[in-house]
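So the chains spell out like this:
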Amino acid sequence: DKLSFKGGIGYEEYMRAEPPAVNTNKTGSTKAETFSFDGAGTWLMTSKLTLEVAGHNAIQSVPHYDNTLDLVSVGSLSVVYSLTTRITLSMTGSYRRDDYLNPVLELDEYVIRLDERKAGLVRLDYIPPRKFLTVYVEGSYELATSTVEHYNYDQLRLAAGLSLRY
C-alpha cells in the first residue's frame, strides 16, 4: 500500500470525584468535555522514502493538582529514508500542548497553566544480516515552555542501543 490512514473522531467526557476541600463547582466532581480525534497516515513516497503524520487529543487526570483536568493535544511528522537495505535514517518533529482546564495552585496562588513542547529526533538504524537485531544511534532535542515559568526547560539526549526480536 502506498497510502494508508487510520483515524477516528468523537466526543469525550471525563468526570472525576474530588475531595470537598477543592470542590470548585459544588457538584463533587471535576468535569470536562471535548471533541476528540485520533489519526495517523503513512505515505510510501518511493521505495526508499516514507512520510508519516499522526495526531490525537485526550482529557487526562492530573494527579498533582486536585482541582483540574488536562486537555492534551499531540501531533507529529516523521520521514524515514532507507539509505541502504540495512541502514535507515529517520527524522521526527512533534508538538504537544497541555491545556489545564482550571487555574492551578502554584506557589500559594492560582494561575492559568498552559504548556507547549516542541521536539525533534534524528535516528540511524542498522539491521545486520541476522534480522533479529537492530542497532541504533539517536539524538533528540525538546523545548518546553509554560505559563508557569519553573516548568520551562530544554533537553538534549544522545543515545545508542539495540532492539532484539524473536
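Calculation criteria
Residues numbered from 1 in each chain as written. Predicted model: local features only at pLDDT ≥ 70, side-chain atom pairs only at ≥ 80, totals over all residues. Heavy atoms only, no water. Helix = DSSP H or I, 4+ residues; strand = E, 2+ residues; numbered from the N terminus. Rg over C-alpha atoms; globule rule 2.2 N^0.38 Å. Buried < 20%, exposed > 50% of the residue type's maximum accessible area, 1.4 Å probe, protein only. Phe/Tyr/Trp six-rings, centres within 6.5 Å; stacked < 30°, edge-to-face > 60°. Lys NZ or Arg CZ within 6 Å of the ring centre and 35° of its normal. Pairing = 2+ DSSP bridges. Patch = residues over 30% accessible without salt bridge, like charges linked within 9 Å, V, L, I, M, F, W, Y side chains within 5 Å. Areas by Shrake-Rupley, 256 points an atom, 1.4 Å probe, with all protein chains shown as cover. Salt bridge = Lys/Arg side-chain N within 4 Å of Asp/Glu carboxyl O. Polar contact = N/O pair within 3.5 Å; in protein donor to acceptor, adjacent residues only side chain to side chain. Contact = heavy atoms within 4.5 Å.

Q: What is the right way to read the overall build of the protein from this model?
A: Each helix and strand in the protein was counted, giving zero helices and 10 strands. Along the protein, helices and strands appear, N-terminal first, in the series β-β-β-β-β-β-β-β-β-β. Over its C-alpha trace the protein gives a radius of gyration of 21 Å, far above what one expects of a compact globule, namely 15 Å for 166 residues. With the C-alpha coordinates aligned to their principal axes, the bounding extent of the protein is approximately 65 × 35 × 30 Å. Counting across all 166 residues of the protein, residues that qualify as buried make up 24%.

Q: Before we go on, may I ask you to explain the packing of aromatic side chains in this structure?
A: Within the structure shown, the criterion is met by two aromatic pairs. Centre to centre, the rings of Tyr 65 and Tyr 100 are 5.8 Å apart; their planes meet at 85 degrees, and the pair counts as edge-to-face. With Tyr 65 in the loop between strand E3 (49–61) and strand E4 (69–82) and Tyr 100 in strand E5 (residues 87–100), the pair connects residues that are 35 residues apart, well separated along the chain. Both residues of the pair, Tyr 65 and Tyr 100, count as buried. Over the ring of Tyr 151 we find Arg 113, and its NZ or CZ is 3.6 Å from the ring centre. Of note, Arg 123 hangs over the ring of Tyr 136, and the distance from its end group to the ring centre comes to 3.8 Å.

Q: It is not clear to me how the pairing of strand E10 (residues 153–164) should be interpreted in this structure. Could you clarify?
A: On a regular strand, each side chain points to the face opposite its neighbour's, so the side chains alternate between the two faces of the sheet. Little of E10 sits out of view: just zero of its 12 residues are buried. Here strand E9 (residues 133–146) runs beside E10; their pairing, made up of 12 bridges, is antiparallel. Of the residues in E10, the one forming a bridge with Ser 140 is Arg 157. Where E9 folds back onto E10 in an antiparallel hairpin, the turn is made up of six residues.

Q: What am I meant to see in a nonpolar patch on the surface here?
A: Taken together, the side chains of Tyr 126, Phe 132, Val 135, Leu 162 and Leu 164 define a hydrophobic patch exposed on the protein surface, amounting to about 480 Å² of accessible area. Structurally, Leu 162 can be placed in strand E10. Residue Leu 162 is classed as exposed on the basis of its relative accessible area, which comes to 54%.

Q: Looking at this structure, I do not really get the pattern of salt bridges. What am I missing?
A: Two side chains of opposite charge can pair, provided their charged atoms sit close to one another. One pass over the full model with this rule turns up seven salt bridges. As a salt-bridge pair, Arg 96 and Asp 98 come within 2.8 Å of each other at their nearest N and O atoms. Put simply, Arg 123 and Glu 138 hold a salt bridge, and the shortest N to O gap is 3.4 Å. In this pair, Arg 123 is assigned in strand E8 (residues 114–126) and Glu 138 in strand E9, connecting sequence segments 15 residues apart. A network of salt bridges, in which partner residues are shared, links Arg 96, Asp 98 and Arg 117.

Q: Where do I start with the side chain of Asp 98 in this structure?
A: Within the secondary structure layout, Asp 98 lies in strand E5. Within polar-contact distance, the side chain of Asp 98 engages the side chain of Arg 96 at 2.8 Å. Asp 98 has contacts with Asp 70, Leu 71, Val 72, Arg 113, Leu 114, Asp 115 and Arg 117, leaving out every residue within four places of it along the chain.

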